[in-house]
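Fold and geometry: a report
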Amino acid sequence: MNKSQIISVLASAGTGKTYNLAKRYLYLLLGSDDNTGIKNIIVVTFTNKAAVEMKYRVIDYLKKAALALDTGNFFDELKLTKDKIAQRSAAVLKDIFKFYDNFNISTIDSFKNRILKSCAMNIDLSPNFVIEQDYSDNLMFSLEIFLQKAQDSENLRNIVRQYLSQYLMKDSGWFPKNNIYNEIEKVFKESGNTGKDILPYGGVSFRDEIALRSTAIIEKIKRFAGLLPNIQAKKYYSDAVEKVLNAGREIFFSMDIPTKFAYETIEYIKDAEINTEADELWSEINKDIKSLCDFYMENYYGVYSYIYSKVALEFDLRSKKDGIVFLNEINKKTVSFFEKDNAVMPEVYYRLSEKYRHFLIDEFQDTSLVQWTGIKRFLEESLAEGGTFFYVGDMKQAIYAFRGGKSEIFDAASKEFLSMDVDIKNLNRNFRSGRSIVDFNNDIFSKENIKRFLNEFYKKKNIECNFSKFIEAYSFPRQETPTEHNYGYIEIDIIDKTCENVKEEIKQRFINCTFQVLKRFNSKDITVLCRANDEVFTVSSWLLENGLDVESSQTLNIRNNNIIKQIVSLLMFINSPLDVLSFSSFILGDIFSKISGIKSAEFEKFIFACNKRNRTETFYKTFKDRYENLWNEYFKDFFMNAGFAPVYELTLAALEKFKVTDNFSGSRAFIMRFLELVKDFETQDSGLKNFLEYFDSLKDNEDSLYIKSAFGNGIKVMTVHKAKGLQFPVVIIPFLKLSVKPAGKPYFDSSGDKIKPFNILKSITKFSRKAKEIYDREKINSLLSELNVTYVSMTRAEYELYAIVPPKFGASNNAILALLGNNVLTSGIKQIRTQDNNGKDNIIIDSFGSGYKDIQKYLKSTDKTAVDIDNSSKKSSIIHYALSKITSLKSKNINDCVSYALRITKRKFFFEDVEFCREKLNKLFVSEKILGLFLYDEKNIYNEKEIISSTGETFRIDKLIVLDDEVIIADFQILNSEEKKNKEQAERRSALISEIYPGKKISVYTAEY
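These lines cover the structure that appears in this document, whether it is placed above or below. Predicted, not measured: the structure shown is a model, and the values here were computed from it. (Residues numbered from 1 in each chain as written. Predicted model: local features only at pLDDT ≥ 70, side-chain atom pairs only at ≥ 80, totals over all residues. Heavy atoms only, no water.)

1. What to know about the overall build of the chain
- The helix and strand tally for the chain stands at 39 helices and 23 strands.
- Counting over 1009 residues, the chain shows a buried share of 52%.
- In the chain, 78% of the contacts between residues at least 6 apart in sequence involve partners at least 24 apart.
- Taken as a whole, the chain presents about 49500 Å² of accessible surface, with 48% of it coming from carbon and sulfur. (Helix = DSSP H or I, 4+ residues; strand = E, 2+ residues; numbered from the N terminus. Buried < 20%, exposed > 50% of the residue type's maximum accessible area, 1.4 Å probe, protein only. Contact = heavy atoms within 4.5 Å. Areas by Shrake-Rupley, 256 points an atom, 1.4 Å probe, with all protein chains shown as cover.)

2. Some details on the packing of helix 23 (residues 580–587) against helix 26 (residues 619–626)
- Following both chains from N to C, one finds helix 23 and helix 26 inclined at 35 degrees, their axes separated by 9 Å at the closest point. When helix 23 is examined against helix 26, the residues V580, F583, S584 and I587 are found in contact with a partner set consisting of F619, Y620 and F623.
- Across the contact of helix 23 with helix 26, the residue classes tally to six nonpolar, one polar and no charged. (Axes fitted to C-alpha atoms, helices over the stretch in contact; angles between N-to-C directions. Nonpolar A, V, L, I, M, F, W, Y, C, P; charged D, E, K, R; others polar.)

3. What about the sheet that holds strand 20 (residues 941–948)?
- Strand order in the open sheet formed by four strands is 20-21-22-23, and the pairing between neighbours is mixed. Strands with a single pairing partner mark the edges of an open sheet, and in this sheet they are strand 20 and strand 23 (1001–1008). Averaged over all neighbouring strand pairs, the angle between strand axes comes to 35 degrees, with direction disregarded.
- As paired strands, strand 22 (residues 966–973) and strand 23 are joined by eight bridges and run parallel to one another. Across the sheet, residue E966 finds its bridge partner in strand 23, namely K1001. (Pairing = 2+ DSSP bridges.)

4. With respect to the pairing of strand 22
- For strand 22, the tally of buried residues reaches eight of eight residues, placing the bulk of the element in the interior.
- Of the two faces of strand 22, the one holding E966, I968, A970 and F972 and the one holding V967, I969, D971 and Q973 are both buried throughout.
- Two strands pair when backbone bridges link them, and strand 21 (residues 954–962) and strand 22 are joined in this way by four bridges, in the antiparallel orientation. In the sheet register, I961 faces strand 22, and the bridge partner there is I968.

5. Overview of the packing of helix 5 (residues 136–150) against helix 12 (residues 302–322)
- Running from amino to carboxyl end, helix 5 crosses helix 12 at an angle of 120 degrees, the nearest separation of the two axes being 8 Å. As the angle between them shows, helix 5 and helix 12 are arranged oblique. For helix 5 against helix 12, the interelement crossing comes out right-handed. Here N138, L139, F141, S142, L143, I145, F146 and K149 of helix 5 come into contact with helix 12, specifically with I307, K310, V311, E314, F315, R318, S319 and D322.
- A class-by-class count of the residues in the contact of helix 5 with helix 12 yields eight nonpolar, three polar and five charged. (Parallel < 35°, antiparallel > 145°, perpendicular 65-115°, else oblique. Left-handed = near helix turned anticlockwise from the far one by under 90°.)

6. Focus on the pattern of salt bridges
- All chains considered together, the criterion is met by 37 salt bridges.
- Two residues, K64 and D60, come together in a salt bridge whose shortest N-O distance is 3.5 Å. On the criterion of helical spacing, the pair formed by K64 and D60 is a turn pair, its members being four residues apart in helix 2 (residues 48–66).
- Residue classification places K64 among the partly exposed positions, given a relative accessible area of 30%.
- Residue classification places D60 among the buried positions, given a relative accessible area of 18%.
- Through salt bridges with shared partners, a single network forms among E154, R157 and R161. (Salt bridge = Lys/Arg side-chain N within 4 Å of Asp/Glu carboxyl O.)

7. Quick notes on unusual backbone geometry
- Positioned with a positive phi, K79 is a non-glycine residue whose angle comes to about 60 degrees.
- Position of K79 among the secondary structure elements: in the loop between helix 2 and helix 3 (82–98).
- Judged by its relative accessible area of 74%, K79 is exposed.

8. A closer look at helix 17 (residues 435–444)
- Of all the ten residues making up helix 17, seven are buried; the element is thus mostly covered by neighbouring parts of the structure.
- Buried residues along helix 17 sit against helix 18 (447–458), strand 9 (489–494), helix 32 (769–794), strand 16 (797–805), helix 33 (816–820) and strand 19 (826–828).

9. Examining the sheet that holds strand 16
- Spatially, seven strands are ordered 11-12-10-13-16-9-19 in an open sheet, and the strand pairing comes out mixed. Every interior strand has two partners, whereas the edge strands, strand 11 (550–552) and strand 19, have only one. Strand-to-strand twist of the sheet, defined as the mean angle between neighbouring strand axes without regard to direction, takes the value 15 degrees.
- Examined bridge by bridge, strand 13 (residues 728–733) and strand 16 share five bridges and lie parallel to one another. By the bridge assignment, V731 is partnered in strand 16 with L801.
- Lying over the sheet, helix 20 (residues 502–518) contacts strand 9, strand 10 (526–530), strand 12 (715–719), strand 13 and strand 16, oriented at roughly 160 degrees with respect to strand 16.

10. A word on the environment of V422
- Tracing the backbone through its elements, the reader meets V422 in strand 8 (residues 422–427).
- Residue classification places V422 among the partly exposed residues on the basis of a relative accessible area of 28%.
- Taking the C-alpha atoms as reference, V422 lies 6.7 Å from Q5; in sequence the two are 417 residues apart.
- In contact with V422, other than residues within four places in its own chain, are I6, S414 and F417.

11. Looking at the side chain of N943
- Summarising the element assignment, N943 is placed in strand 20.
- Polar side-chain contacts of N943 include one of 3.0 Å to the backbone oxygen of S884.
- For N943, the side chain forms a polar contact with the side chain of K959, separated by 2.9 Å.
- Apart from the residues lying within four places of it in its own chain, the contact partners of N943 are L883, S884, I886, T887, I957, D958 and K959. (Polar contact = N/O pair within 3.5 Å; in protein donor to acceptor, adjacent residues only side chain to side chain.)

12. Thoughts on the nonpolar core
- Counting 76 residues, the largest nonpolar core has F224, F252, F261, I289, Y296 and I307 as the members making the most contacts within it.
- In terms of residue count, the dominant contributor to this core is helix 11 (residues 276–299) (ten residues).
- With sequence-adjacent residues up to four places away left out, F224 is seen in contact with I231, V241, I266, A278, L281, W282 and I285.
- Counting 72 residues, the second-largest nonpolar core is a separate cluster that includes F417, Y458, V740 and A818. (Core = buried A, V, L, I, M, F, W, Y, C linked by side-chain atoms within 4.5 Å.)

13. Points about the packing of aromatic side chains
- What the rule picks out here adds up to 77 aromatic pairs.
- Considering the side-chain rings of F674 and F691, the 5.8 Å spacing of their centres and the 80 degrees angle between planes classify their relative orientation as edge-to-face. With F674 in helix 30 (residues 668–682) and F691 in helix 31 (residues 688–697), the pair connects residues that are 17 residues apart, well separated along the chain. The exposure classification of F674 matches that of F691, with both residues buried.
- Note on F681 and F691: the rings are 5.4 Å apart at their centroids and 65 degrees apart in plane angle, and the pair reads as edge-to-face. Taken together, the residues span a long stretch of sequence, with F681 in helix 30 and F691 in helix 31 at a distance of ten residues. The exposure classification of F681 matches that of F691, with both residues buried.
- Sitting over the ring of F253, R207 keeps its end group 4.5 Å from the ring centre.
- Above the face of the F758 ring, K756 is positioned so that its terminal group lies 5.8 Å from the ring centre. (Phe/Tyr/Trp six-rings, centres within 6.5 Å; stacked < 30°, edge-to-face > 60°. Lys NZ or Arg CZ within 6 Å of the ring centre and 35° of its normal.)

14. Some words on the environment of I266
- Within the secondary structure, I266 sits in the loop between helix 10 (250–253) and helix 11.
- For I266, a relative accessible area of 8% translates into the label buried.
- For I266 and S283, which are 17 residues apart along the polypeptide, the C-alpha to C-alpha distance reads 8.6 Å.
- Once residues within four sequence positions are removed from consideration, I266 is found in contact with F224, A233, Y237, A278, D279 and W282.

Shown next, in the form of structure tokens:
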């Protein structure tokens, strides 16, 4: 095993990062002689999915080793015997299962959450704080509090006036509050990414200063205009002067200054006489305009900074009051903790109840500076005591700069510990893709091609930044492939710039490509990668239009499922019968059309006729009069009992009444997710109106809105960022493009102790060297990030890779064309794959049977008696439930006890008539033998008693009576039930009770109803 304390692994796409992490983890556990245990090692991954995969691999290898199964050459470097490896693997497995909380494989956010939880009091947090992801409501609420306070505070009112005067300098729209929110949200994100606060506002009125300076400049330009007739300058000087004088100060507010004013000297016509006075005046104007541009750039966001600082105070107060820490704040809170004088590492370890000696970090290139700051404090302690640091990554796959990721940390990490022995390893063999794909990417992303691309694309552009970051990131050896990877196909389809309708052309080529691939691959083998969510939506729509199954954020969101939409429409009508739109939507939908046997066209005519008559009568009453039987059968009970039933029971009753899962089996997974959502809601709130408001308020990024897609068989459509770390048999990229635009405003300088925002317009870069340096740097960083995204997208395919290249990216030329250059764009051989012939692929494998009895098995904490099953067993369930509510009749009135039981039963079966079972229960108690079972003391009787056998099997006994010398088992069964099966179950229950109560007589009674 490598004995170096610091090991840096450079791992290009497909070279086995997870494999190497798992190997290092297990070697530390099995090969160490210093009693290293799972609690001494921590593995930090970038995503939860990666953490789950890592845990799976570790346990899988341990299991195989412990059972002496084949693990290939995985453990060869340990230099231990197989018996020793098996023995130690079994011991580690036992440790993991016994102390699973010590199995420290998690995301960086989870790790920092543990630190905050253990040290919450030190940074003024509630020990029971809750982490939430969506901060938007709290941030907007805090902004509104600030604006309310501004009404009563002259100081704050002046700040708002300054903002409005600045806001109105440009035609910025009708909603200034939204503008404030958008700008302070950017600062909030940057503060979370860097762990720093914003630089305090200097107090200068931006508009007033711009007005003052521009007035002085215009006066000098007027003087220069007076000199123009006497000098022989080139004509464009007079044009520039005239434009400024005609526009006045507004031209400086908008920064639409003629570029000729960026010239430091006057250009005279040939052989003209130099005018010294004009030259000196022009030089003054040039310097004043440059100074004005610098002021504009550095102070534009001053008033926003002040507003943000005040809003941030309100935000913190509200968060503390609610006991919330937002995910975006974790980095900042952690830095706050480590900056305290008393935040020494021994205290941290004491509070965590464990000490980490070995650190393993995945995707290190996406680590932010503030995350590295926290980890480094642990490493300093660990390395000083002989611990190790193992990190894996690839600077070419650094695609999370928008979250604060800094790829340069990859090299900086080893430089932080110069006194340590650092071993740098390169993983260069691609185990993912076929040779043709690997060779293509070797050519496109080679150091030589990247240099050619940069020189070709920027040779006419005035960019003064150097490209060392590019060259460093893409200076890697060509990847190799195993001998058996002699396959692969790649096809890059470029759309000609003369094409009139590019989007339609992309659509046709993409659909044709997809159908061609489907001749050789299954739907589940194809993944479409997009750059942004709007592209995911577009592509998903194209596929759905052509009758193809799709698995994407669009199709997996229960809100977008047609059946769920209809269910919600029904619930909205039940909540408010005057809601014509919701009722119309439901009766026009597939659910009601299917159950009623009437085509939606008839209901369309009915609705049209109602609108045409413009009757004052309520719509649902008109429907009731026209379709009385349908109303009584399907809507009457809901209408009469609305407001009394819990939302969960109401939803289940509606699903059963309209036989939704029977008629729409393809939507069962969506229905189950919706029911789970309702169940979760009722743990904190109640009421149909409240639920509908809650459902409407959920953001589209809420996990609770999405069904799990682990078993999906449709074509996958996702963003490149979500595909990070994954691989797919076939990848199609319908919009392969490369942007060269810098990131959006503001530009942040976070190099100091505080964040400094800059507003850099492209026009300003003509006048300000500082602005140009920042603009060019951000443009280069943005291009590198875009290039990395392209690299990630092009390296996901195992067998075949297809891409369609549009000629433009917005209004600019698509830079990917320059990157591709003269490389061969089609190579390899298409694969012949065996198709599955098990019928049409579905988005979700149907793992349920039929109806609600099967669905309830997959729902959390479901009371099975609450679900109406089918008509044959429904009455039996009601009787059985009512009987379970009668424990003892000793010294009690039978009729009173039956009435009480029926009242309780009615609450559970709200939409059913339960009075029918009164006669059934009274008939049961006519039998002296059965009545005798209810005449023991209540303390000796247990209804619906669950018992568990030694093998883990669970049994439920209807009535268990435990006496001093006897145990009585009573079982109540439906008449004509399966006699043989019931007898077998009775015998097993009897044997189990004998084991629990040895020495007591066991009596078994079976009663039918």
